[in-house]
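As a plain string of letters, each chain reads:
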Amino acid sequence: MTPTLTLFLIISAALFSIGLLAALSRRHAIFILIGIEMMLAAANLNFIAFWRFAPQPQAPTGVMVAIFSIAIAAAEAAIGLALVISVYRHYRTTNVEKLDQLKG
Amino acid sequence: MTSWILAHLWLIPAAPLAMSLLILGLAGSRPRTGSALAIIGQVVALGLAVVAFVPTLETPGFRTFQNFTWFTFGEQALRIGWVLDPLAAAMLVMITFVGLWIFVFSTGYMAGDKNFSRFFAYLSFFSAAMLGVVIANSLLLLFVCWELVGLASYLLIGFWIHKPSAAAATKKAFITTRIGDIGLFLGILWLYGGSGTLLFYDGGNGCLEKTGLLALGASASFIALLIFSGAAGKSGQFPLHVWLPDAMEGPTPVSALIHAATMVAAGVFLVARMYPLFSFGALDGVTPSLTVVVWIGVVTALMGALIAVAQADIKRILAYSTISQLGLMMVSLGVGGVAAGIMHLLAHGFFKALLFLGSGSVIHGCHHEQDIRKMGGLRRIMPVTFLAYAIGMMALSGVPLLFSGAWTKEEILHATAHWPRSPVPYYLMMAGVVLTALYMTRQMICVFFGKPREAAERAHESPSVMTIPLIVLAVCTIALSAVLTPAWPWLHSYLTGEPAQFDLGRLIQPMLFVSLALVAAGIGLGILFYRNAGRDDPLARSQPLLFRFLENKMWLDELYAKTVIAWSAMFSKLSDWMDRHIWDGLARTIGGAGQLIGIVSANFDERGINAGVDESAAGTRGLGRLIAARHSGRIQTYMGVIAVGMLALLVLYAWLT
Amino acid sequence: MTGERVDQIFIIAKQWLLSLLPNAPDWVIQIASSLINISAVLGVFMGLFALISVLERKILGRIQNRYGPNRVGPFGLFQPVADGIKLLIKEDIVPLRADKVVHFIAPIMMAATAILALGVIPYGRNMTPFSIDGGILFFFAVGSTTELAVFMAGWGSNNKFSMLGAMRAIAQMVSYELPLLITVLPVIMIVGSLSADAIVAAQGGYVLGGIVPRWFVFTPWGAAAFILFFISGLVESNRTPFDMPEGESEIVAGHMTEYSGFKYAIFFLAEYFGMFAVSGLAVTLFLGGWHAPIHLLEIIPSYVWFFAKLAVLLFVFIWIRGTLPRMRVDHVMSFAWKFMLPMAFTCIIAAAVWHYQSHGVAGWLWSLAVIASVYFGLSWLVDTKKKFAPRTYRFAE
Amino acid sequence: MSTAAFIVIAILMLAGALAAATLSKLIHAALCLVIAFIGIAALFFLLGAEFVGLVQIFVYVGAVAVLIVFTILLTRHAEEPTSGFNWSGVLVAVAVFAGLIWVILQTPSLSAPAPVIEALTVKRIGEVLMTDYIWPLQCVGLLLTAALVGGLILVMEEKR
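Treat the numbers as computed from the prediction; the structure is a model and nothing was measured. (Residues numbered from 1 in each chain as written. Chains lettered and ligands numbered in written order. Predicted model: local features only at pLDDT ≥ 70, side-chain atom pairs only at ≥ 80, totals over all residues. Heavy atoms only, no water.)

Chemist: Now, about the nonpolar core: what can you tell me, with residues and values included?
Modeler: Counting residues in each nonpolar core, the largest one holds 203 residues, and the members touching the most others are A:Met38, C:Ile136, C:Phe229 and C:Phe276. The element best represented in this core is helix 3 (residues 50–74) of chain D, accounting for 16 residues. Setting aside chain neighbours within four positions, we find C:Phe229 in contact with C:Phe140, C:Leu180, C:Thr183, C:Val184, C:Val278, C:Leu281, C:Ala282, C:Leu285 and C:Phe286. In this structure, B:Cys145, B:Val149, B:Ile258 and B:Cys446 belong to the second largest nonpolar core, which totals 196 residues. (Core = buried A, V, L, I, M, F, W, Y, C linked by side-chain atoms within 4.5 Å. Buried < 20%, exposed > 50% of the residue type's maximum accessible area, 1.4 Å probe, protein only. Helix = DSSP H or I, 4+ residues; strand = E, 2+ residues; numbered from the N terminus. Contact = heavy atoms within 4.5 Å.)

Encoded structure:
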C-alpha cells in the first residue's frame, strides 16, 4: 500500500487538530502561536498533497501557495512574537487568561 | 511634434504636478528652489499648452481625443482619456499663462513667509488639478481633478491656518463646494447608469455624442441640473456663492488664482464642456436645464453686483465682482452664447488676475491693510499699480473699444437680448453692467484718488517682481481685445469652428452704443456719488438700511446660519437628546428593571422566606455571569467559538453535497 | 585513459563495492550506496579534523614564536590521538539543575548539522555525496539549524555564562546569515541553478590561452562576494576575530562552559566541521570547485584540487586567528548591518550589470565601478560620520 | 513513495506536534515543535516538493523556532502559567478532528493513486514565481517589509 491522498489528509487533519488544541487549551501566549504555526503547516501539507495527487501535468499552484503561505507565516510569527514581548513588557504576564482587557 | 503632443496631452498637468511633489520633497528649507521649480513647471506647462494650441488653429472645429481603459471590473471597463479641442486649448493657454504670472507675482508677495516653498507646491498642485479638469475626456477623470482642485483650494485658502478666520473660511469653502459636488456625483452616477459611459467623446459613443445622449432621453435634463449644481458650487453661483468672498482669507495670489484661472473657471468650464447635454432636446435653443442656468446666473450676477457696492474690503469687492461676472457667464451659456461665455471667461481670467494682483500690490504696499476706507491717493505713490489697476477696472466695467472685457460683455448682452423665453434677464443684465461700473469707480476713487489716509501714508510701490506681472497682464488685457471685436471675431470663430472674416464695418454695432451708455452711466454715477468719498460712504449716509443690507451680504450667511446650519445643528442636538434620553433611558430602564428584580429578590432573600428564593437569586446571578462570560476578553474562548463554527459549516457542507 | 581512471578512482571503487551485492533489491542498494558515501565523508573529514587540529596549534605556535606540540609521535603528529583518548576517558559532568535532555542533545545536533552540510559539496568530478537540485538551499537550511543547537546548549546548561554566550552566538549568527546568504545569490543568479554541481560546472573552462580559469572569484562581484562570504563564514563558525560567544576572558567558554569530556570534543569537532563546510562551500561557489587553476594542470585529479583549495582557505582561517584580536560585540553587529548587508546587495547589482554586459570586459569594468563606488560611499558613511559609537552600559534590573 | 518512510515520518511528526502542544515546559515544547516541522519538511520531500521542504526547514527551524525561543527567553520572568489544561479546548479540538476525519472519509474520490510526475525543479519554481506569481511575490515582499518594520516598532524600548 502506498500512501494515498486520504492518508495525507488524515495526517494533516490530525496536525491541525493538535495545533487547535495547543491554541485553545494552553494558557501561555506562545503556545497559541505555536498552535497557529502548526495549523498553518497542516494547511500547507494539504496544498502540497493536493498538488501531488492532482492530474498531471499542471501548473504548480499548490506549491506556490505553500511557498507564499510559509512566507506569510514567517511574518505572522515575527509580529505575533513581537506582540507577545510588548504585551509582556506592559502587563508583566504572558498568560492569556489574564489578558482580558476587552472583557465585556 | 503635433501628434506627439496630442498623444501626450497628460504632460501638461503632469509638469506642475511633478514640480509640486518635487518641491514638497526637496525644497523644504530652500525657498528659492521651491519658487524656481514651480515657475519652471508652469513654464513647461505653458510651452506644452502653446504646442497643443497650434494644431487646433489649423483646422476649424478641431477635436481629438485619446481614451484608454483605466481598470476593468467584471464585464465593465472604466475608461478615461483626454481631449483637445479649441475650448480646452484656449483654456490651457489662459490658465498656464495667467498662472505663470501669478506665480511670478507670488515670489514677491510671499517673500519672507516661513512656508514659502510649501505655498509654491500647493500653487503648482492647484494649477495641475485645474489643467487636469480642462483636458479630461471623461467625466470621471474630470471629477477626480475637480475634487483635487477643491483640495488644493482648501489647502491654499487655509494657508495662513494660524488665523482662525482663514481656518473657518477654508472649511466653509470646502463644505459649500462639497454640497454642490454631491449633486455632481449623483449626476455622474445617473449619467453612467443611463448611457453606460463617462467618456465625453468616443467616436460617436461618448455621453456627449449622439448615441449617448439618445440613450439618456428625458433624464438628460435632470442629469444636467445635477451637474449644474456642482458647477454652481465651484463657480460660486447663488445660493452656493457664500464661500467665495470668505476665500479672500487666503494670500492674495491664491485669490487671483481662484478667481481668474482655476477654481471658479472650473464650473463655467464644466457647463461649457457638458453643453451638448444641457442643450439636448432643445426647442428654439431653450431647455428646462438651460432656463435654470439662466435664472440662477441672473440672480447671481445682480446679487454680486449689488453686494459689491457696499463692501469696504478691497478684495471682497473684487470677490463679489467675480460672483457677478460668473453669473454673467452662466447667463451667457444658458441663453446659448457658449462662445461668448467662454470668451468672457478667458478675458475675465486676464483682467481679474490683473485686478487681484493689483489689489495684492496695493495691500502689499499698504502693509497688509485691506480696508479701502483707509487708503486713498495711491495714484501718485504707486503709479504702475495704478495704471495697471485702471486698465483692469476699465476692462471689468466694460469701457468699449480698447478693453477686452467690453467686447465679450457686449456679446453676452447681445446673446441675452435674443433669448426667446423672456426679456427680463436682458434688462437685469443691463442693470448689472451699470452696477459693475459703479462699484469699480467707487473702488478706484477710494483707493487711488483723494488724499492719502492712514494706511496709504507710509505706502510704497511694490518691487518689480510684482509690477512686471501687472504690466504683462495689463498689456494682454488690451491686446486680447484685438481678437474679440465684431470686426474680426477671431476667438469667437475659433471656438465655434466657423471661419472668421475681417470686416471693419461691423465694428460699430447698435449694441456698442447701448453698452457705452450703460458704462458711461455707471462711471458717471460713480464719480457723482463718490467723488468726495473718504472714510464714510455716501450711500450709507443716504440709505443706511439698504447699505446695511448690502454690507452684510444680504444677510445670506446669517440666513444660512438660521436655516440650513441651524437645522443641521438642531438635528444633531435632537440626535444627541435622543441618545441621551430615549436610547440611554431605554437602556437605563432595562438596567433599572434588572436592578429592580435584583432588589426585589434581595429583599425576598433578606426576609429569608425560604431557601428556594436564595436559589432563584443565585440562578439570576448565574445567568448574568453566563451572558457576561460571552465577552470574556479571552482570546481562546473566541478561537474556540470560531473553531466550532468552522466545524459546523464543514459538517453542514458535507451534509449538503 | 589512466588520467581519467585516477580521477574517478573513488567512484570506481564505490561501484566495485556495490557490485558485491549482485541480486539485492533496489532499496538495499540505495542504503548501501548512502552508507558508503556517509562513511567516506566522515572518514575523510575525521582525518582532516585530526590533522588540522594539530596543524593549527603548530601554525599558531609558529606565529607566536614558539614550537607548538612536538612530543607525541613524529613532529607531534599523534597529538590528536592523545587528546582524543584524554577527552574520552574524562568524567562527563552534567550540572545538577541542567535540563538534562536538552543538554544531552545539543552537541549531537550541532555535529549532525555540520556533517549534513558537508553532504552537498562536490569534492571532485562526480563526487557529490548527496546531489540534489536545491543543494545550496539545503546547505543553508541545515546550517540555520546550528543556531538552535547553540541555544539548546546554552539553555540546557542552566548557567549564566552559557546563556550569555548562546545569546551572543545566536545574535551574531542571525545577523551574519543574511550577508552569507545574499552573497551567494549573485552566483545562483548567474548560474541559474541552486545545484552545487551546476555551479561548479559553470566555472569550468579557461580564458586568455588557458591560464586564467573562469572562476567567479576573478570577476569584481565574485571577488567582493567571496570576501564578504569569507568574513561571514568566519562569524558563522565563531572563529577569531569573531569569537565573542566563547571569549575565554569574558564568559569562560560561552555555551560550552558546562560541557566536559566527550561532549566537549563533539562541540570542538562540530566547530571544525562547520569551518570545513563553509570553506568547502566557498571553494565551490567562488573558487571553481574541483577545477584546476590552469588548463595544463588538469591532469592532476579533481579531488586533489578541491582539497588543495580547502587547505589554503583553512590556512587563512588559522592565519587570521593568529593575527587579529577579538572584536567587540557591538562593532560586530553594526559591521554586519551597516557594511556587510549593503555590500552584499551591491554584489547582486554588480553581478546583474556584469550579466547584462554579456560577461565581457565592459561588464567587468562596470561591475567593478559599481562595487568600488558603493564601497567608498559606505566607507565614507560608516567611518567619517560616526567614528565609533560610544559604548552604553545597561545593567540588570 | 515509500510507505515505511511515510509511516515513520508521520508518527514522529505527530508525536512531536502532540508533545509541542502538551509539554509543560515551554522550551521543550518549542524544541518538539522543531521536530514536527522537520517531519513536515520530510513529508514535503516525500511528496516531491523538495524546494518547499527546504524552505520549510530554513524558515521554520532556522528562523521561526529561533524567534520563539528568543521570545521565551525574553519573557522568562513571567509567572509560569499553571500547567493545567483548558479541557473545553481539548473537547473542541477533538470534535474538529472527528469532523475533519468524517468529511475526509465521506469523500470517495480521494483514494486515487498518485500520478507519475516529473520532478519540480527549482528553476521551474523560479520561472513560475517570476512570471505568473510576480504580483503575489511583490505583495509578499511588501508584507515582509511591513512585518519587519512593525516588529521592530513593537519591541522597541518604550520611552519612559
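Chemist: Help me get a handle on the side chain of C:His291, residues and values and all.
Modeler: Residue position: C:His291 is located in the loop between helix 11 (261–286) and helix 12 (302–323). Ignoring any residue separated from it by four or fewer positions in sequence, one finds C:His291 in contact with C:Val200, C:Ala201, C:Gln203, C:Gly204, C:Trp215, C:Glu298, C:Trp305 and C:Lys309.

Chemist: Describe helix 13 (residues 329–356) of chain C, with residues and values.
Modeler: An ideal rise of 1.5 Å per residue puts 40 Å on 28 residues; helix 13 of chain C measures up with 40 Å between its terminal C-alpha atoms. By the largest-angle criterion, C:Ala336 marks the main kink of helix 13 of chain C, which is about 40°. (Expected span 1.5 Å × (residues − 1). Bend = angle between axes of the 7 residues up to and from the residue.)

Chemist: Could you give an account of the packing of helix 9 (residues 220–236) of chain C against helix 11 of chain C, naming the residues involved and the relevant values?
Modeler: All names here are of chain C. With their axes 10 Å apart at the nearest point, helix 9 and helix 11 run at an angle of 170° to one another. Relative to helix 11, the element helix 9 lies roughly antiparallel. Contacts from Gly-222, Ala-225, Phe-226, Phe-229 and Gly-233 in helix 9 reach Val-278, Leu-281, Ala-282, Leu-285 and Phe-286 in helix 11. A breakdown of the residues in the contact of helix 9 with helix 11 according to their chemical character gives eight nonpolar, two polar and no charged. (Axes fitted to C-alpha atoms, helices over the stretch in contact; angles between N-to-C directions. Parallel < 35°, antiparallel > 145°, perpendicular 65-115°, else oblique. Nonpolar A, V, L, I, M, F, W, Y, C, P; charged D, E, K, R; others polar.)

Chemist: Now, about the interface of chain C and chain D: what can you tell me, with residues and values included?
Modeler: Contacts between the two partners involve 25 residues from chain C and, on the opposite side, 23 residues from chain D. Contact between chain C and chain D buries roughly 2100 Å² in total, counting both sides, with carbon and sulfur atoms accounting for 80%. It is C:Leu137, C:Leu148 and C:Trp155 that lose the most area in chain C upon contact with chain D, and together they represent 25% of the buried surface on that side. Seen at the junction of chain C and chain D, the total is zero salt bridges. Listed by contribution, the elements that provide at least two residues to the side of chain C that touches chain D are helix 6 (135–157) and helix 7 (160–191) of chain C. No other element matches helix 6 of chain C, which puts eleven residues into the side of chain C that touches chain D. Residues of the side of chain C that touches chain D, tallied by class, amount to 16 nonpolar, four polar and five charged. (Buried area = accessible area lost by both parts, 1.4 Å probe. Salt bridge = Lys/Arg side-chain N within 4 Å of Asp/Glu carboxyl O.)

Chemist: So, helix 5 (residues 100–118) of chain C: which residues are in play, and what are the values?
Modeler: Since one α-helical turn is 3.6 residues long, residues separated by three or four positions face the same way. An ideal rise of 1.5 Å per residue puts 27 Å on 19 residues; helix 5 of chain C measures up with 29 Å between its terminal C-alpha atoms. For helix 5 of chain C, the principal kink sits at C:Ala106 and spans about 25°; a proline, C:Pro107, occurs within the next four residues. For helix 5 of chain C, the set of buried residues is C:Val102, C:His103, C:Ala106, C:Pro107, C:Met109, C:Met110, C:Ala111, C:Thr113, C:Ala114, C:Ala117 and C:Leu118. Buried residues in helix 5 of chain C make contact with helix 3 (26–63), helix 6 and helix 11 of chain C together with helix 2 (26–46) of chain D.

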